[in-house]
Each structure stands twice: as structure tokens, then as C-alpha cells.
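Read off the chains here:
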Amino acid sequence: MPEPNNRELLQDIANGNALALRTLYGRISGRVYNTALSYVQNEADAEEITQDVFTKIWRSAGSFKAESQVTTWVYRITVNTSLTALKKRERRGLFSALSAQEKEVPDFHHPNAVMEDRETSRALFSAIYRLPDRQKTAFVLSYVEELPRQQVAEVMNLSLKAIESLLMRAKKGLRNGLTTDYPNRGNATAK
Amino acid sequence: MQPQNDMKTDGQFELEDALEQLKKLPRATPPPDLLGRIESRLGKVEAKVIPMKQWRMIAAAACVLVALNVTALSNYLNSASQQTAQYDTSSDALISDFQLYE
């Protein structure tokens, strides 16, 4: 018997089939968790977001419109849930540190970064964290999740041109962020 | 010949270096118990749905109770008015009994 595709799984989930949810989880939980982790840069929060996303999938599978891919729909839910979590964190941060001028950036080390790359990875994720929301989303989906630009445009409901422009600005922001964090590292490594 | 990286600014080198490393970075995977946590959360969600059904039953029971009360009340009022009528006639009789000095 052929494996059901994601759309069929989603239909089954809409009918309350818990096994279908398990199968879909097996297929896409890595993407959901990895995307959430790139946003919140904290494993416990990424787990919480993954739980939220699958709860939303369970509840609203029936409202999925077959116009887009299931993964596009799931990415959209993940991005929105992650951005909401970041907003909540910012609000909490406002109360705890009213005097702080800059966004508090988590000291995040990607769990899979090898030892010699840990500092570069930490600097990159810290620069990603400081990007404005839309640039962050375009960058995370394009470079961390490695989605095709067209799918990124669909997830974000924007044109391809807009995505390219967001990515250009994101890269500029990241360059500035990395240079500020590590002013001498480029020279040291190049030589 | 100079290495290509020396032609770039620090920021450019850093970003390209970092993006290169990002490509090699394996995807983070969720902990193995996360699915179980999601399912137990969904179980709680389901458990929250069951009381909604119970609410309907409670509402139906409340309607029956109200209907019974209305019936009982109307019966009571009917019988009360009948009793009043009886008292009226009996008090008439009593009053007629007290007309001693006619």
C-alpha cells in the first residue's frame, strides 16, 4: 500500500486520526523545530513552539486550503507562532529591564555546531536574532531551511522580488552584525 | 597571487564564511519525548471538549428542571387560588354565623 501524501494525512488529521498526526510529525517535526530554534534560539522555547504548531495543525487541519503545499502551510504556522513567542519575550523583557536600550540577544550555541565552528555559528545566530522580523523570516527560510525562493514567497505571501530585496537587506544587516561582533576575526581567518 | 578572501572586507568574509558553515550545520532534531508531550496535550484538549458535551446535557437537565418547576408552580398557584376560593366561602359562612344581634 502506498504511503499517504501530506495532503491525505492532513485530511485524516481533520477526521481525528491520531496516527496520521504521528506520521506527519515524523515527516516534518524536524523542520518545525529547526525553524523555531532559529527564531527563539532556545531549545525549551523551540520545543514549546513545536508543541503549539502541532496542536494548531490538529485543530485546524480541516481549514487547510489545497491551494498551497502542506509544508508551506506548516511553515507559515511555525513562523507566526515563533514571531508571537518572540513578541511575548520582548514584552517580558520590557518589564524586567526597562532601562535596556538594545534587544537582549540570547547566548545561543546551535546544538549541532561542531566545536571549531561554534563561535562563528553563535555570532551568526546572534546577528540573525537582531534582524527585523520580515528579513529574519526571509533569511531563516532561505538559508537555514534552504527552501526555494518561490516557496519562501508563498510562506510570506510576498512576491519573489520582495523576497530578494528582503534577503539583500538581511545580508547587509548580518554583515554589519558580524563585523561589529568580531571586528578582527575576518582578517585573522583570511591570513 | 593573493587569496581571494583578502580582496573582501571583513564583514563580507565573515558572512560568507558563516553561510558556508550554516550549510554544513546538521538540522537540529526535537527531543524524542516531544511527540508524547504533544499527544498528552492533545489529550487534554480532547478532555476539555468532553465537558462541552456535558454542558449540553447539563443545559438539557436544567431545562427539564425549569419546566418541572414551572409546572409545579402553576399547579401550586392553581390549587392556592382554589383554596382561597374555599376560604372565601367558609369565611362567609363564619361571618354569617357571627350575626348574633339581628
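Not measured: the values here are computed from a predicted model. (Residues numbered from 1 in each chain as written. Chains lettered and ligands numbered in written order. Predicted model: local features only at pLDDT ≥ 70, side-chain atom pairs only at ≥ 80, totals over all residues. Heavy atoms only, no water.)

Now for the overall build of chain B. The number of helices and strands found in chain B is 2 helices and 0 strands. In chain B, which comprises 102 residues, the share counted as buried stands at 19%. In the structure as shown, chain B presents an accessible area of about 8100 Å², 63% of it carried by carbon and sulfur atoms. (Helix = DSSP H or I, 4+ residues; strand = E, 2+ residues; numbered from the N terminus. Buried < 20%, exposed > 50% of the residue type's maximum accessible area, 1.4 Å probe, protein only. Areas by Shrake-Rupley, 256 points an atom, 1.4 Å probe, with all protein chains shown as cover.)

Within chain A, the regular secondary structure consists of 9 helices and 0 strands. Secondary structure elements in chain A, listed N-terminal to C-terminal, are α-α-α-α-α-α-α-α-α. Each of the 191 residues in chain A was classed as buried or not, and the buried ones make up 47%. Within chain A, residue pairs in contact and separated by at least 24 positions form 65% of the contacts whose partners lie at least 6 positions apart. (Contact = heavy atoms within 4.5 Å.)

Okay, the side chain of glutamine 51 of chain A next. Topologically, glutamine 51 of chain A is positioned in helix α3 (residues 43-60). Excluding residues that lie within four positions of it along the chain, glutamine 51 of chain A makes contacts with Leu34, Arg37, Ile38 and Arg41 of chain B.

Okay, the pattern of salt bridges next. Under the defined criterion, the tally for this structure stands at 11 salt bridges over all chains. Residues glutamate 47 of chain A and arginine 37 of chain B are paired through a salt bridge, measuring 3.0 Å at the closest nitrogen-oxygen approach. Of this pair, glutamate 47 of chain A sits in helix α3 while arginine 37 of chain B sits in helix α2 (residues 34-98), which puts the two residues in different chains. Exposure remark for glutamate 47 of chain A: the relative accessible area of 14% places this residue in the buried category. Looking at arginine 37 of chain B, the relative accessible area reads 29%, which means it is partly exposed. Between glutamate 119 of chain A and arginine 122 of chain A there is a salt bridge, with the nearest N and O atoms lying 3.5 Å from each other. (Salt bridge = Lys/Arg side-chain N within 4 Å of Asp/Glu carboxyl O.)

Here the focus is the packing of helix α2 (residues 18-40) of chain A against helix α6 (residues 133-144) of chain A. Residue and element names in this part refer to chain A. Two elements in contact, α2 and α6, have axes separated by 11 Å at closest approach and are oriented at 135°. As summarised for this structure, α2 and α6 are arranged oblique, according to the angle between their axes. Pair α2 / α6 crosses with right-handed handedness. Residue-level contacts link Asn34, Thr35, Ser38 and Tyr39 of α2 to Lys136, Thr137, Val140, Leu141 and Val144 of α6. When the residues that make up the contact of α2 with α6 are grouped by side-chain class, the tally is 4 nonpolar, 4 polar and 1 charged. (Axes fitted to C-alpha atoms, helices over the stretch in contact; angles between N-to-C directions. Parallel < 35°, antiparallel > 145°, perpendicular 65-115°, else oblique. Left-handed = near helix turned anticlockwise from the far one by under 90°. Nonpolar A, V, L, I, M, F, W, Y, C, P; charged D, E, K, R; others polar.)

All names here are of chain A. Applying the stated criterion across every chain yields a total of 3 aromatic pairs over all chains. Geometrically, the ring pair formed by phenylalanine 139 and tyrosine 143 is stacked, given 4.8 Å between the ring centres and 20° between the ring planes. In this pair, phenylalanine 139 and tyrosine 143 both sit in helix α6, 4 residues apart, roughly one turn of the helix. Each member of the pair, phenylalanine 139 together with tyrosine 143, is buried. Positioned above the aromatic ring of tyrosine 129, the side-chain terminus of lysine 136 is 5.3 Å from the ring centre. (Phe/Tyr/Trp six-rings, centres within 6.5 Å; stacked < 30°, edge-to-face > 60°. Lys NZ or Arg CZ within 6 Å of the ring centre and 35° of its normal.)

Core analysis: the largest hydrophobic core is formed by 65 residues, its most contacted members being Leu10, Ile13, Ile57 and Phe139 of chain A together with Leu22 of chain B. Here the element with the most residues in this core is α2 of chain A; it accounts for 11 residues. Three or more residues apiece are contributed to this core by two domains, here domain 1 (1-102) and domain 2 (105-186) of chain A. (Core = buried A, V, L, I, M, F, W, Y, C linked by side-chain atoms within 4.5 Å. Domains from an automatic or database assignment.)

Time to look at helix α1 (residues 6-14) of chain A. Residues and elements named next belong to chain A. All of the buried residues in α1 are Asn6, Leu9, Leu10 and Ile13. Looking down the long axis of α1, one finds its buried residues gathered within 100° of arc, a one-sided arrangement. Positive backbone phi, approximately 85°, marks glycine 16, located one or two places after α1. (Arc of directions from axis to C-beta.)

Moving on, we come to a nonpolar patch on the surface. On the surface, Leu73, Tyr76 and Leu77 of chain B cluster together into a nonpolar patch covering about 350 Å² of accessible area. Along the polypeptide, leucine 73 of chain B turns up in helix α2. (Patch = residues over 30% accessible without salt bridge, like charges linked within 9 Å, V, L, I, M, F, W, Y side chains within 5 Å.)

Our next topic: unusual backbone geometry. Residues and elements named next belong to chain A. Positive phi outside glycine occurs at glutamine 41, with the angle close to 55°. In this structure, glutamine 41 sits in the loop between α2 and α3. Judged by relative accessible area, glutamine 41 falls into the buried class, the value being 3%. You will see that asparagine 157, though not glycine, has its phi angle at about 60°, which is positive.

With that settled, the discussion passes to the side chain of threonine 50 of chain A. As for its placement among the helices and strands, threonine 50 of chain A is situated in helix α3. Exposure remark for threonine 50 of chain A: the relative accessible area of 0% places this residue in the buried category. A polar atom in the side chain of threonine 50 of chain A sits 2.7 Å from the backbone oxygen of alanine 46 of chain A. The contact partners of threonine 50 of chain A, leaving out residues within four places of it in the chain, are Val32 and Tyr33 of chain A together with Leu34 and Ile38 of chain B. (Polar contact = N/O pair within 3.5 Å; in protein donor to acceptor, adjacent residues only side chain to side chain.)

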